[in-house]
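A closer look at the structure
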Amino acid sequence: MTAPTPAPPMIRMAGVDKFFGPLHVLKDVALEVPKGQVVVVLGPSGSGKSTLCRTINRLEPVDKGTIEVDGQPLPAEGKDLARLRADVGMVFQSFNLFAHKSIVDNVMLAPLKVRKTPAADARKTAMELLERVGIANQAEKYPAQLSGGQQQRAAIARALAMRPKVMLFDEPTSALDPEMVQEVLDVMTTLAKEGMTMLVVTHEMGFARKAADRVVFMADGEIVEDSTPEDFFSAPKSNRAKDFLGKILTH
């Protein structure tokens, strides 16, 4: 009997290079994220973390290398790219909610337009997701009536409404007031426990320790370390990581 073919990683990056003009922001990046794994990307500002995150759904095209999601290479444009983006949920620093639509309408919009979900089903799912992120009671309000933490939780619900295979988070708490950070991290921690494949760019060390399966540390456009949170925080191998942790953990 032949052994079953192993499932492809949910995210695979190989030999990825990205330039902004003369600036080499991603240098020969290789990364694989298996299904159901939570990978937290850490590193100093300007290390390429956000760019890495944005290349995975082609918000940033790459100059060289391959990127695959669930075994499929990233399409350059058109319908195939739209389909892939539907499988990859993305949550940014800014919430990007439509100001003129209620929260529930924001969450329903993509399933209605992209997945052609019937309105009643889309609304039912949207309400369930708002319940899951703890803001079902805010469903009929507009984004401006919500706190930053509530808006970010609405943005997470909106991304989940497309039933994505993978969720990308690009510094989802960095624009929030400190007292709102935890409520967003709690939602993300729950998602992680439920088995969602996640790539999270963040400065929140507590989340990295608690929710990550792996920590990827970037510096100068390269992946310098890739290890368990326990190993990374207790015994970082590179001087860059030691220096980074020394600055962060002494505060």
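For the structure given in this document, a descriptive report is provided here. The structure displayed is predicted, hence computed values, not measured ones.

Criteria and thresholds
- Here the residue numbering is sequential within each chain, running from 1 through the sequence in written order.
- In keeping with the model being predicted, local features are shown solely for residues with a pLDDT of at least 70 and side-chain atom pairs are shown and tallied solely at 80 or more, while totals for entire chains, interfaces and linings include all residues.
- Side-chain descriptors were evaluated using all non-hydrogen atoms of the structure, hydrogens and water having been removed beforehand.
- Each helix is a run of H or I in the DSSP string that is no shorter than four residues. Each strand is a run of E no shorter than two, and both are numbered from the N terminus.
- Two things to know: the radius of gyration comes from C-alpha atoms, and the globule rule equals 2.2 Å times the number of residues to the power 0.38.
- Any residue under 20% of the maximum accessible area for its type is buried, any over 50% is exposed, and the rest in between are partly exposed; the area is computed with a 1.4 Å probe on protein chains only.
- Residue contacts follow a heavy-atom distance rule, with two residues in contact if any of their heavy atoms lie within 4.5 Å.
- At least two DSSP bridges between two strands are required for those strands to pair.
- Each reported salt bridge corresponds to a side-chain nitrogen of Lys or Arg within 4 Å of a carboxyl oxygen of Asp or Glu.
- To obtain each axis, a line is fitted to C-alpha atoms, and for helices this fit is confined to the stretch in contact; angles are then taken between N-to-C directions over 0 to 180 degrees.
- Ring geometry is summarised as follows: Phe, Tyr and Trp rings, the Trp one being its six-membered ring, pair when their centres sit within 6.5 Å, and such pairs are stacked at plane angles under 30 degrees, edge-to-face over 60 and tilted between the two.

1. As for the overall build of the protein chain
- For the protein chain, the count of helices and strands is 9 helices and 10 strands.
- Whereas a compact globule of 251 residues would reach a radius of gyration of roughly 18 Å, the protein chain reaches 18 Å, a difference of no more than 12%.
- With the C-alpha coordinates aligned to their principal axes, the bounding extent of the protein chain is approximately 50 × 50 × 50 Å.
- A buried classification covers 50% of the 251 residues belonging to the protein chain.
- Intrachain contacts of the protein chain at a sequence separation of at least 6 include 67% that bridge at least 24 residues.

2. Structural notes on unusual backbone geometry
- Located in the positive-phi region is R58, a residue other than glycine, with phi close to 65°.
- Looking at where R58 falls in the secondary structure, it is placed in the loop between α1 (49-55) and β4 (64-69).
- A relative accessible area of 23% means that R58 is categorised as partly exposed.

3. Description of the sheet that holds strand β2 (residues 23-33)
- The strand order across the open sheet formed by 4 strands is β2-β1-β4-β5, and the pairing between neighbours is antiparallel. Only two strands of the sheet have a single neighbouring strand rather than two, namely β2 and β5 (72-73).
- As paired elements, β4 and β5 share 2 bridges and run antiparallel to each other. Directly across from E68, in β5, lies its bridge partner P73.

4. Focus on the pattern of salt bridges
- Overall, the coordinates contain 15 salt bridges when judged by the stated rule.
- As a salt-bridge pair, R214 and D226 come within 2.7 Å of each other at their nearest N and O atoms. Here R214 is found in strand β9 (residues 214-219), whereas its partner D226 is found in strand β10 (residues 222-227), with 12 residues between them in sequence.
- Accessibility expressed as a relative area gives 40% for D226, which makes it partly exposed.
- The network of salt bridges with common partners includes D70, D87, R115 and K165.

5. Focus on the sheet that holds β10
- Strand order in this open sheet of 6 strands is β6-β7-β8-β3-β9-β10, and the pairing throughout is mixed. The strands lining the two open edges of the sheet, one partner per strand, are β6 (88-91) and β10. Each strand axis lies, on average, 20° off the axis of its neighbour in the sheet, ignoring direction.
- Pairing between strand β3 (residues 38-42) and strand β8 (residues 197-201): 4 bridges, direction parallel. Considered in β8, the bridge of V40 is made with V200.
- Docked against the sheet, helix α5 (residues 148-160) engages β6 and β7 (166-170), running at close to 170° with respect to β6.
- Most of the contacts of helix α6 (residues 178-193) go to β8, to which it runs at about 145°, and overall it touches β3, β7 and β8.

6. Here's the deal with the packing of aromatic side chains
- All chains considered together, the criterion is met by 3 aromatic pairs.
- Aromatic side chains F217 and F232 sit 5.7 Å apart centroid to centroid with 35° between the ring planes, which places their arrangement in the tilted category. Taken together, the positions of F217 in strand β9 and F232 in helix α8 (residues 229-234) put the pair 15 residues apart, joining distant regions of the chain.
- In this structure F217 comes out as buried when scored by relative accessible area, which is 0%.
- Taken together, a centroid distance of 5.2 Å and an interplanar angle of 50° make the contact between F217 and F244 tilted.

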